[in-house]
Amino acid sequence: WYQRRVRAVSIEGPRDTRIVIADREDGTGCVVTYYPTQPGDYQIHLSYAGVPVNGSPYTATITPPAVDPGPILRMLPVVDKVYEGEPFQVPIPSDIRPRDLVVSVGGPDGIHTRVQVTKEPRAISYTPEKPGRYQLSVSTRGGPIEGSPFHFTVLAREALICTCTGPSLDGMLVRDVGQLVVSYNLANPRGISYDMTGPTKPTLQISRRDNADTVNFNPRKPGVYRLVVSYNGDILPNSPFPVHVVDLQHFNLRALQESLNTVQLSKEVILTLDTTRCGPGEVKAELEGPMMYERVVVTNTPRTAQLRFCADKPGHYKLNLYYANIPFPSSPFKFNVSRKSAGKVTTMGLDGEGLKIAYVGKPNYIYVSNVPKGTGLQVEVLSSGKAKQEVKILTGTSGMSTIEYHVSSAGIYTVYIKWEGRDLATTPFTVPAMHYE
């Protein structure tokens, strides 16, 4: 008795509804499937050959799909403590579409504000502007979800500060991996960002735990680097944090050790170190003697560091050298001072007019031959009143060095020439000075 051509189905409701009719395989009837798009009451009309089926129309009440509040409730501890001006987010479960949620926040002033529900990231995002008690209302088209509204407290914003610790703050060597630990008083650290400025732009590797971040970096050139810590684009108090990076790889440490091996008892030692490629910092030195620490005078200039000391007792010594508070490679340098004197240097010759006479207002020259490699040549020119005169040491080829000195006025001057703290055979000597005519 069933004939497909005479059956009819129509549905009335809040919105148009798509209807799909499928015949049964045995030919005894059909299956009607419909897709309501909005909650409400729907009237389903069935007729056959133009005559309503007994009981038609049928009423179907469509309710909105249930939303599991559990995932949202579990995320609320994130919102339990929020500071004014700090953004927070409540992630949305993956089975809930953001467009199906209606979210608003009521503040202490009683005003309810519609809150944005974002797709990327899938979250409820809000930034409270005032401290006080708030409520978060979450609804679907069918009404509030279970447990809504959710209450949370916004605290008055504390003074944002950060502190920095770590061995790199005391200085570090170039190409080593530096490490700094930055701590802060933020309940929500998502707005924290880092940047490092300096001679190069190191890549920062950051790991976060509780209210502290560990920052690792690898500078490629010496210089002053600064770690800038920002929160939502604003630099935090105490930031930036400076890091001094130095390069100590170019020193001729072997020549330095050889110079120390020739130290004589009760003789002043003068060592000059070239620091032009070290980066920012100064040389510091400690001399540990057989009985006590001996005094070391260190004079730092933009290009060199000069060390002066005297070993007054025989025995074993240790020279501790630091640059920007970082120990030199191979430091401490160990040497022994005996009672036997090493005597003067006899293998280096002197020549030049500057040995005999000096002229005011023009350069005077002394030539030193058979000079070993290194920076052990030291020269001083003193007036009768012990005033130091301008001296330059020009290193040439084939073991020849030129000493250029200037005198400030006519008189008698004393010239001291040493190699690694030992006097050359014919020094010191005196030179008369006169005006050049």
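All of these numbers come straight from a predicted model, not from anything done at the bench.

**Student:** Can you walk me through the state of the cysteines in this structure?
**Tutor:** Two cysteines whose sulfur atoms are joined by a covalent bond form what is called a disulfide. Enumeration over the complete set of coordinates arrives at zero disulfides. Summary of cysteine pairing: C164 is not part of a disulfide, and the nearest cysteine sulfur, belonging to C162, is at 7.8 Å.

**Student:** Any chance you could explain the confidence of the model for the protein here in plain terms?
**Tutor:** Note: predicted coordinates in regions of low pLDDT should not be interpreted at a detailed level. Considering every residue of the protein, the mean pLDDT works out to 82; 92% of them sit at 70 or more. Below a pLDDT of 50 lies the segment residues 1-6, which in the model reaches 14 contacts outside its immediate sequence neighbourhood of four places, other chains included. The model gives residues 73-78 a pLDDT under 50, and that stretch makes six contacts with residues more than four places away or in other chains.

**Student:** Looking at this model, I keep getting lost on the sheet that holds strand 29 (residues 304-310). Mind explaining?
**Tutor:** Strand pairing in a sheet takes place through backbone hydrogen bonds and is either antiparallel or parallel in direction. Spatially, three strands are ordered 25-29-28 in an open sheet, and the strand pairing comes out antiparallel. Lying at the two open borders of the sheet, with one neighbouring strand each, are strand 25 (268-274) and strand 28 (296-300). Strand-to-strand twist in this sheet, taken as the mean axis angle between neighbours without regard to direction, amounts to 15°. Sheet topology places strand 25 next to strand 29; seven bridges connect them, and they run antiparallel. The residue bridging E268 from the neighbouring strand is C310, located in strand 29.

**Student:** Help me understand the nonpolar core in this model?
**Tutor:** One recurring pattern in soluble globular proteins: nonpolar side chains tend to sit buried together. Membership of the largest hydrophobic core comes to 29 residues, with the highest contact counts inside it found for L307, F309, L319, L321, F328 and F335. The dominant element in this core, judged by the number of residues it contributes, is strand 30 (residues 315-323), at four residues. Those residues in contact with L319 that sit more than four places away from it in its chain are L260, L271, A285, E286, L287, L307, S331, P332, F333 and F335. V174, V182, L227 and Y231 belong to the second largest nonpolar core, which has 22 residues in total.

Thresholds, definitions, all that
Residues numbered from 1 in each chain as written. Predicted model: local features only at pLDDT ≥ 70, side-chain atom pairs only at ≥ 80, totals over all residues. Heavy atoms only, no water. Disulfide = S-S within 2.5 Å. pLDDT = per-residue confidence, 0-100. Contact = heavy atoms within 4.5 Å. Pairing = 2+ DSSP bridges. Helix = DSSP H or I, 4+ residues; strand = E, 2+ residues; numbered from the N terminus. Axes fitted to C-alpha atoms, helices over the stretch in contact; angles between N-to-C directions. Core = buried A, V, L, I, M, F, W, Y, C linked by side-chain atoms within 4.5 Å. Buried < 20%, exposed > 50% of the residue type's maximum accessible area, 1.4 Å probe, protein only.

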